[in-house]
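Next come the chains, spelled out residue by residue.
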Amino acid sequence: VQLQASGGGLVQAGGYLRLSCVVSRSISSIHFMGWYRQAPGKQRELVARTPAGGSTNYADSVKARFTATTDNAKNTVYLQMNSLKPDDTAVYFCNANTFAGIKWMDYWGQGTLVTVSS
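Predicted model, so just to flag it, every value in this text is computed and none were measured.

Q: Even after reading the chapter, I still don't get the sheet that holds strand S1 (residues 3–6), so can you show me in this structure?
A: By definition, the strands of a sheet pair up through backbone hydrogen bonds, in either a parallel or an antiparallel sense. Strand order in the open sheet formed by four strands is S1-S3-S8-S7, with antiparallel pairing between adjacent strands. The two strands at the open ends of the sheet, each matched to only one other strand, are S1 and strand S7 (66–71). Sheet twist, expressed as the mean angle between neighbouring strand axes with direction ignored, is 15°. The pairing of strand S3 (residues 17–23) with strand S8 (residues 76–81) spans six bridges and is classified as antiparallel. Bridging across to S8, Leu 19 finds its partner in Leu 79.

Q: I would appreciate a short explanation of the packing of aromatic side chains in the present structure.
A: When we look at a pair of aromatic rings, we describe it by the centre distance and by the angle of the planes. Across all of its chains, the model carries four aromatic pairs by this definition. Arranged with centres 5.1 Å apart and planes meeting at 70°, the rings of Tyr 36 and Trp 108 form a pair that is edge-to-face. Residue Tyr 36 is located in strand S4 (residues 32–38), and its partner Trp 108 is located in strand S10 (residues 104–108); the two are separated by 72 residues in the primary sequence. Grouping aromatic residues by their ring pairs yields a cluster made of Phe 32, Phe 99 and Trp 104.

How each quantity is defined
Residues numbered from 1 in each chain as written. Predicted model: local features only at pLDDT ≥ 70, side-chain atom pairs only at ≥ 80, totals over all residues. Heavy atoms only, no water. Pairing = 2+ DSSP bridges. Helix = DSSP H or I, 4+ residues; strand = E, 2+ residues; numbered from the N terminus. Axes fitted to C-alpha atoms, helices over the stretch in contact; angles between N-to-C directions. Phe/Tyr/Trp six-rings, centres within 6.5 Å; stacked < 30°, edge-to-face > 60°.

Shape descriptors only; they carry no functional weight alone.
Pasting the structure below:
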């Protein structure tokens, strides 16, 4: 599975961005699609994770501000980020987590940088 993320950039606090992640195969065949982020000097953390056909779980820090959606026809997942804060500054990664016959596999996109200025 290959993932290509895009949509990052520089935005002022209070602004918004929409990230996209194109997946190389049918999303409906992937058990979990997720967004993670890694701020400078920090560990990668979960932002949002959606089970196939299920509801998305969000990190407390982004609830009510971020929304993850899926377009199965385009094999694309999105992360709409509103009311951005400087603390949201990070490299954002999309992730596909799926069971591949005998074990769970993680696939990662290349990351897209989001910078929120105060």
